[in-house]
Amino acid sequence: MKRYWKFIIPAGIVVVVLVVMVTGLNANLVYFNTPTELGQQQAGDARLRLGGQVVPGTVIDTETGVAFDVTDGREAVSVVHTGAPQQLFQEGIGVVVEGTWDGNEFHSDSMLVKHDENYTSDDGEYDPNHPYGDESDQS
Amino acid sequence: MQSQTRIRRWPWIAIGLSLAVAFTLSMVSPADSVQGDLVRIMYVHVPSAWLAYLAFFVTFIGSVAYLITRSLRWDRIAAASAEIGVYFTGLAIALGMTWAKPTWGVWWTWDARLTLTAIMFFVYLGYLALRRTTDDQVLRAGRASVLGVLGAIQIPLVHFSVIWWRTLHQPPSLVRPDGPAIQDPMMLAALIGGVVAFTIVYVSLMVKRIELIHLEDRKVDMESAVERPVAGEAVTAPELGASS
């Protein structure tokens, strides 16, 4: 009887891990949709995540937040965001917004900034007075 | 007592020196153009995550070697390494969260990398808990080494999660097919310096921890030797004058 514990305990843990992965993670394995994928999504009340690069020159302050375009390099989607943008929000940076898609615009109420794997020190300092970046910086 | 456990001092000196060098490098390197000084968190976060992988891989090697040789030496190595790995997984998660709040905007989110890292953390906490289920060294080594082998599946799963699935967490900056994505030589030096320093910290901690395990096991052996009846129940102590 005692010998079986050697296998039952780890096997139990492995089963729990697999269950958590399959049920909990499955929907999250793909963390966000790209603008191209969003075009194929049905418009409606379903909560979606949209991720991509903020297109330089499209950022407009609105009464309730900020509006901008998000692109994956092929398609671009207009995002109307309600709420304060994140601290690092700027032109050209990656964002993941969460909200609903009406087939024309993406209505977001939650924004995450997606930092990419590039780190540089020489192309300009972060300037809190120009939080969305200077358009001349972006090429 | 056949062997005296040697108490070494060099690991503490090695830890102190390597961390001092890594700290200096991370402080003199420039701020990032997008995230500013927050980039310095990376110089501890990435080495911590690297140590977690290294430590759990050594646990895997130790567990496999134990199952083949049945030598407790290997089990001690696996156990010491798992403890260090759990600590540095926790540190990587804590630092990642500290960085994520000002950068992403949230402390935590359930993307593939973060979720799998959390699972790895708890599985190896489970490994340490499993080791506490018995004092019997052989039984303990047998149970733990099974989990030590199974748990290692998670190392590539966590590392490649950012490549295999679309995550919020960024992909690797250092080890990439087309070279590091860090252009500034001082930033690169700080990151590589951190990785080297933490590797030295790992080796030093391993040496100290295995020393301690030897001492612990010896103490358990000595205690159980005292409690054990001398020759079983066949021999009973002589009794003087039966009580009424």
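On a predicted model such as this, the values are computed, not experimentally measured, just so you know.

Visitor: Sorry if this is basic, but what is going on with the overall build of chain A here?
Guide: Each helix and strand counted, chain A has two helices and six strands in total. Listing each helix as α and each strand as β along chain A from the N terminus yields α-α-β-β-β-β-β-β. By residue count, 28% of the 139 residues in chain A fall in the buried class. Summarising the internal contacts of chain A: among those between residues at least 6 apart in sequence, 50% fall at separations of at least 24.

Visitor: When you look at the interface of chain A and chain B in this model, what are you seeing that I'm missing?
Guide: Where the parts come together, the accessible area they lose is often given as the size of the interface. Counting from both sides, the interface comprises 35 residues of chain A and, opposite them, 40 residues of chain B. When residues of the side of chain A that touches chain B are traced back to their parent elements, those giving at least two are helix H1 (5-25) and strand S6 (105-114) of chain A. With 10 residues, the top contributor of residues to the side of chain A that touches chain B is H1(A). Class assignment of the residues belonging to the side of chain A that touches chain B gives a composition of 20 nonpolar, eight polar and seven charged.

Visitor: Would you explain the nonpolar core in this entry?
Guide: Proteins that are soluble and globular tend to have nonpolar side chains buried together. Counting residues in each nonpolar core, the largest one holds 78 residues, and the members touching the most others are Leu50(A), Val95(A), Leu51(B), Ala52(B), Ala55(B), Ala82(B) and Tyr202(B). Ranked by residues supplied to this core, first place goes to helix H2 (residues 42-69) of chain B with 15 residues. Beyond its immediate chain neighbours, meaning those up to four positions away, Val95(A) contacts Gly51(A), Val54(A), Val70(A), Phe89(A), Met111(A), Leu112(A), Val113(A) and Lys114(A).

Visitor: Just checking my understanding: could you explain helix H3 (residues 72-103) of chain B for this structure?
Guide: It helps to recall that an α-helix has 3.6 residues per turn; residues three or four apart then point in one direction. Counted at 1.5 Å a residue, the expected span for H3(B) with its 32 residues is 46 Å, and the 46 Å between its end C-alpha atoms agrees. Two residues or fewer past H3(B), Gly105(B) is found with a positive phi of approximately 110 degrees.

Visitor: Got a minute to help me understand the pairing of strand S4 (residues 76-82) of chain A in this structure?
Guide: A regular strand carries its side chains on alternate faces of the sheet. Residue and element names in this part refer to chain A. What you see with S4 is a clean split: Val 77, Val 79 and His 81 sit on the buried side and Ala 76, Ser 78, Val 80 and Thr 82 on the side with no burial. Sheet topology places strand S3 (residues 65-71) next to S4; seven bridges connect them, and they run antiparallel. Residue Thr 71 lies in a different strand from S4, and its bridge partner there is Ala 76. Taking the residues between adjacent antiparallel strands as the criterion, S3 and S4 are bridged by four residues, where Gly 73 takes a positive phi near 100 degrees. Here four bridges tie S4 to S6, and the two strands are oriented parallel to one another. By the bridge assignment for S6, Val 79 is matched with Phe 106.

Visitor: Please clarify how the packing of H2(B) against helix H5 (residues 137-151) of chain B should be interpreted in this entry.
Guide: Any two packed helices are characterised by the angle at which their axes cross and by the distance between the axes. Residue and element names in this part refer to chain B. As a packed pair, H2 and H5 sit with axes 8 Å apart at the nearest point and diverge in direction by 130 degrees. It follows that H2 is oblique to H5 by the angle criterion. For the pair H2 and H5, the sense of crossing is left-handed. For the pair H2 and H5, contact is made by Phe 56, Thr 59, Phe 60, Gly 62, Ser 63, Val 64, Tyr 66 and Leu 67 and by Ala 141, Ser 145, Gly 148, Val 149 and Gly 151, respectively. A breakdown of the residues in the contact of H2 with H5 according to their chemical character gives seven nonpolar, six polar and no charged.

Visitor: Which parts of the structure should I look at to understand the confidence of the model for chain A?
Guide: When pLDDT drops low, the exact placement of atoms in the prediction is not to be read closely. Taken residue by residue, chain A gives an average pLDDT of 79. The fraction at 70 or more is 76%. In this model residues 134-139 of chain A is a low-confidence stretch, pLDDT under 50, and it forms eight contacts with partners more than four residues away in sequence or in other chains.

Visitor: Help me understand the environment of Glu63(A) in this model?
Guide: Residue and element names in this part refer to chain A. For Glu 63, the position within the fold is in the loop between strand S2 (60-61) and S3. Overall, Glu 63 belongs to the exposed group, with 5 C-beta atoms counted inside 10 Å. Separated by 19 residues in sequence, Glu 63 and Thr 82 place their C-alpha atoms 8.8 Å apart.

Visitor: Sorry, what's going on with the pairing of strand S1 (residues 48-54) of chain A here?
Guide: All names here are of chain A. When you tally the buried positions in S1, you get five out of seven residues, the bulk of the element. Alignment of S1 against S3, held across two bridges, turns out to be antiparallel. Looking at the pairing, Gln 53 lines up with Thr 71 of S3.

Visitor: Please clarify how the packing of H3(B) against H5(B) should be interpreted in this entry.
Guide: Residue and element names in this part refer to chain B. Interaxial distance between H3 and H5 falls to 10 Å at its minimum, and their mutual angle equals 55 degrees. When the axes of H3 and H5 are compared, the pair comes out oblique. Our pair here, H3 against H5, has a crossing hand that is left-handed. Packed against H3, whose contacting residues are Leu 72, Asp 75, Ala 78, Ala 79 and Ala 82, the element H5 presents Gln 137, Ala 141, Ala 144, Ser 145 and Gly 148 at the interface.

Calculation rules
- Residues numbered from 1 in each chain as written.
- Chains lettered and ligands numbered in written order.
- Predicted model: local features only at pLDDT ≥ 70, side-chain atom pairs only at ≥ 80, totals over all residues.
- Helix = DSSP H or I, 4+ residues; strand = E, 2+ residues; numbered from the N terminus.
- Buried ≥ 20, exposed ≤ 12 C-beta atoms within 10 Å, placed from the backbone.
- Contact = placed C-beta atoms within 7 Å.
- Nonpolar A, V, L, I, M, F, W, Y, C, P; charged D, E, K, R; others polar.
- Core = buried A, V, L, I, M, F, W, Y, C linked by C-beta atoms within 7 Å.
- Expected span 1.5 Å × (residues − 1).
- Pairing = 2+ DSSP bridges.
- Axes fitted to C-alpha atoms, helices over the stretch in contact; angles between N-to-C directions.
- Parallel < 35°, antiparallel > 145°, perpendicular 65-115°, else oblique.
- Left-handed = near helix turned anticlockwise from the far one by under 90°.
- pLDDT = per-residue confidence, 0-100.

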